[in-house]
Amino acid sequence: MQSWDTPIGSNCKNIAMEVARHNRVLYINRAADRYSLWRGDKSPEVVNRRRVMRGELPVMEQVSPNFWVYTPPVVLDSVNWVRPQALFDAWTKINNQRLARSIQKAIQEVGFKDFYLFNDNDFLRGPHIQEVLRPAVSIYYIRDFLLAQDYFKRHGERTEPALMKRADLVVANSTYLANYARKYNKHSYFIGQGCDLSAFSPEAGYAIPDDISPIKRPIIGYAGALLEFRLDIATIRHLAVSRPDWQVVLVGPEDDAFRRSDLHGLANVHFLGAKAFEQVPAYINSFDVCINPQALNLNTVGNYPRKVDEYLALGKPVVATATEAMELFAEHSYLCADKEAYIGQVERALTENNAARQQARRAFALGHTWENNVAELYRAIDLAIPEAVYAK
């Protein structure tokens, strides 16, 4: 699902790099699709696909001794708009055969024999790839509940369950998604989430940002994109209105719902805008309590809260909405069943904060490494296929 040349972070890329420490990896870039080319998409991925097809960039790049990135020089038809299921299935199989033939050439070029196929949540563009490539082991990785989005839901309600049934095992980055997958494949496992928390260290001596310095304390803060479908505006409002002596600081870009919200009329709510990634740790370090007032919907309920790891890595007390994914953090955070619970939990977080708790939070978060994440992937393979052979 995620291209190697995507400008944003990617679980699949990090997992692949970790696996490549001990195994050979062929990373398949997302192939170009006809619609993106037709509309003149200027994203780096689409621009690079055009250059590959014109021969200006190589189709194969070796980025380390064990790691190759392959960009298929093919164009796939854009078929998700097709409503008849039979037509969509037939057309998708043609796309998959076209893509698989290209991948087979890459497999031969790097000299792979028995290989494992790792599908990164791509149940629309790659549901039949394993049937054509015939891997020794097929792994489906689910990191988002994409069926909550209309685009993926149209055909994904059929293709994702079918793909999970055919896979040798399914691995997920949240317990919610692992339980969902287990409905279709008994070999479904939660493998956790890797994070690079090197930028989040309380020992870095962050200066208090200029736009936070004048704000009174205690500061109850959130850092991240302010999106209505991810965050519950009513919970933030309840915090601010119920305790006008608390200052609620929101760091991140706003969507239209946040820009229009009455939060902007509250004297103790401060919108500080979007910040560069390297600035974010200093803002979080300035908070007295960090919050994650998550909206509860199908888009969010299964998501791994990587933001909470960043908070905890700085030793900060965290108050968050209770979800199945947050149960993993229950020992090191304060969970809330509703907006009313936030007041009491923030008060607890303020009064119970001490050096020992800070150290325990940090140690917990720093255990969520990509090395440990891939070790859990290997454990899942061993459980599903005891005879599997690979380097660990």
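Residues numbered from 1 in each chain as written. Predicted model: local features only at pLDDT ≥ 70, side-chain atom pairs only at ≥ 80, totals over all residues. Heavy atoms only, no water.

Visitor: Would you explain the overall build of the protein chain in this entry?
Guide: Within the protein chain one finds 14 helices and 15 strands. With the principal axes as the frame, the protein chain shows a C-alpha extent of 65 × 45 × 40 Å. The buried share of the protein chain, reckoned over its 392 residues, is 53%. Long-range pairs, those at least 24 residues apart, make up 68% of the contacts in the protein chain between residues at least 6 apart in sequence. Here the protein chain has roughly 18100 Å² of accessible surface; of this, 52% comes from carbon and sulfur atoms. (Helix = DSSP H or I, 4+ residues; strand = E, 2+ residues; numbered from the N terminus. Buried < 20%, exposed > 50% of the residue type's maximum accessible area, 1.4 Å probe, protein only. Contact = heavy atoms within 4.5 Å. Areas by Shrake-Rupley, 256 points an atom, 1.4 Å probe, with all protein chains shown as cover.)

Visitor: Sorry if this is basic, but what is going on with the layout of surface pockets here?
Guide: To find leftover empty space, one rolls a probe the size of a water molecule over the atoms. Volume-wise, the second largest pocket comes out at about 1100 Å³. Lining the second largest pocket are 40 residues, with Leu-26, Ile-28, Tyr-116, Leu-117 and Phe-118 sitting closest to its centre. Where the lining of the second largest pocket is concerned, the elements lending two or more residues are helix 1 (11-19), strand 1 (25-28), helix 4 (85-110), strand 6 (116-120), helix 5 (129-133) and helix 14 (370-384). Its residues assigned to classes, the lining of the second largest pocket shows 28 nonpolar, six polar and six charged. (1 Å grid on protein atoms, 1.4 Å probe; cavity = no way out; pocket = protein on both sides within 12 Å on 5 of 7 lines; lining within 4 Å. Points joined across faces, edges and corners; volume = space filled by probe spheres on them. Nonpolar A, V, L, I, M, F, W, Y, C, P; charged D, E, K, R; others polar.)

Visitor: Is there a simple way to explain the packing of aromatic side chains in this structure?
Guide: The description of an aromatic ring pair uses the distance of the two centres, along with the angle that the planes make with each other. Across all of its chains, the model carries 16 aromatic pairs by this definition. When the ring of Phe-118 is compared with that of Tyr-141, the centres are 5.3 Å apart and the planes differ by 35°; the resulting orientation is tilted. You can see Phe-118 sitting in strand 6 and its partner Tyr-141 sitting in strand 7 (residues 137-142), a full 23 residues away along the chain. Relative to Phe-152, the ring of Phe-123 lies with its centre 5.9 Å away and its plane at 65°, an arrangement referred to as edge-to-face. Of this pair, Phe-123 sits in the loop between strand 6 and helix 5 while Phe-152 sits in helix 6 (residues 150-166), placing them 29 residues apart in sequence. You can call Phe-123 buried: its relative accessible area is 1%. Among the aromatic residues, those joined into a ring-pair cluster are Trp-4, Tyr-27 and Phe-67. (Phe/Tyr/Trp six-rings, centres within 6.5 Å; stacked < 30°, edge-to-face > 60°.)

Visitor: Teacher, can you tell me more about the state of the cysteines here?
Guide: Working definition: the covalent bond between the sulfur atoms of two cysteines is a disulfide. Evaluated as defined, the whole model comprises zero disulfides. Here Cys-12 stays unpaired: no disulfide links it, and the sulfur of Cys-195, its closest cysteine neighbor, is 16 Å away. Judged by relative accessible area, Cys-12 falls into the buried class, the value being 9%. Considering cysteine sulfurs only, Cys-336 is the nearest to Cys-290, which forms no disulfide, with 14 Å between them. (Disulfide = S-S within 2.5 Å.)

Visitor: I tried to follow the sheet that holds strand 3 (residues 60-64) on my own but got confused; where do I start?
Guide: Where strands meet in a sheet, backbone hydrogen bonds hold them as pairs that are either parallel or antiparallel. Pairing within the open sheet is mixed, and its three strands lie in the order 1-4-3. One side of each edge strand has no neighbouring strand; the edge strands of this open sheet are strand 1 and strand 3. Put simply, the sheet's adjacent strands are angled 25° from each other on average, direction ignored. Relative to strand 1, helix 1 is tilted by about 165°, and along the sheet it contacts strand 1 and strand 4 (67-70). (Pairing = 2+ DSSP bridges. Axes fitted to C-alpha atoms, helices over the stretch in contact; angles between N-to-C directions.)

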